[in-house]
Amino acid sequence: PVTTKPIKRSPLHPSWLDATDTVARLMDRDTAQVVPEELCRALFEASGAELVVGAARGLHLDDEGRCTGVRVDDRLVAADEVVVAMGAWSALLEDWLGLPIPVEGVYSTSVVYEGTDQVKNEPRAFFCAEDSNSCHLEVYPRHDGSVYLCGIGGSDVVSG
């Protein structure tokens, strides 16, 4: 008969994750996770701004070089102030403004799984080893018990 040695589970290792081939250790006691959608929604609601849904295609500059609007799909949305918050895709500003933008990122997939009470009660983030594309899976349990996964493959680079 085949016998296996019981796996010794670290107190940091959550019960909702198989302990086989995993290691758990505390990285930082002072780190917290912000759920991006919740943060963005709260900031937007407090701003009084208008939401325009579409794909940003460029900036509109007046004769003095001031940004006075954004081209969204096939129309111009006038603006007194413009905030560019496109993450790695801010590199598109290079084409729009003709200026170097030192930003880089990797196209990747993000997935959110419905959660459980078990995950909610034992929130532990995981950072997996890099794959052959220099990507690594990151697992973030959220306060509602859902689990956010990112860094899932891809090797195409977005850069400025």
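Higher on the page you've got the structure.
Residues numbered from 1 in each chain as written. Predicted model: local features only at pLDDT ≥ 70, side-chain atom pairs only at ≥ 80, totals over all residues. Heavy atoms only, no water.

## Examining helix α1 (residues 36-47)
The terminal C-alpha atoms of α1, which comprises 12 residues, lie 16 Å apart, in line with the 16 Å expected from a rise of 1.5 Å per residue. Looking at the residues trailing α1, positive phi occurs at G48, about 75°. (Helix = DSSP H or I, 4+ residues; strand = E, 2+ residues; numbered from the N terminus. Expected span 1.5 Å × (residues − 1).)

## Digging into the pairing of strand β8 (residues 147-152)
The sheet contact formed by strand β5 (residues 109-113) and β8 spans four bridges and is antiparallel. Across the sheet, V111 pairs through a bridge with L149, a residue of β8. Bridge count for strand β7 (residues 138-141) against β8 is four bridges, and the pairing is antiparallel. Looking at β8, one finds that P141 is bridged to V147. Turn length for the β7-β8 hairpin, with the two strands adjacent in sequence and antiparallel, is five residues, and the turn residue G145 shows positive phi of about 95°. (Pairing = 2+ DSSP bridges.)

## Brief notes about the packing of aromatic side chains
Applying the stated criterion across every chain, the model contains two aromatic pairs. Centre to centre, the rings of F127 and Y140 are 5.6 Å apart; their planes meet at 80°, and the pair counts as edge-to-face. Of this pair, F127 sits in strand β6 (residues 126-127) while Y140 is found in strand β7, placing the two residues 13 residues apart along the sequence. On the basis of relative accessible area, Y140 is assigned to the buried category, the value being 19%. (Phe/Tyr/Trp six-rings, centres within 6.5 Å; stacked < 30°, edge-to-face > 60°. Buried < 20%, exposed > 50% of the residue type's maximum accessible area, 1.4 Å probe, protein only.)

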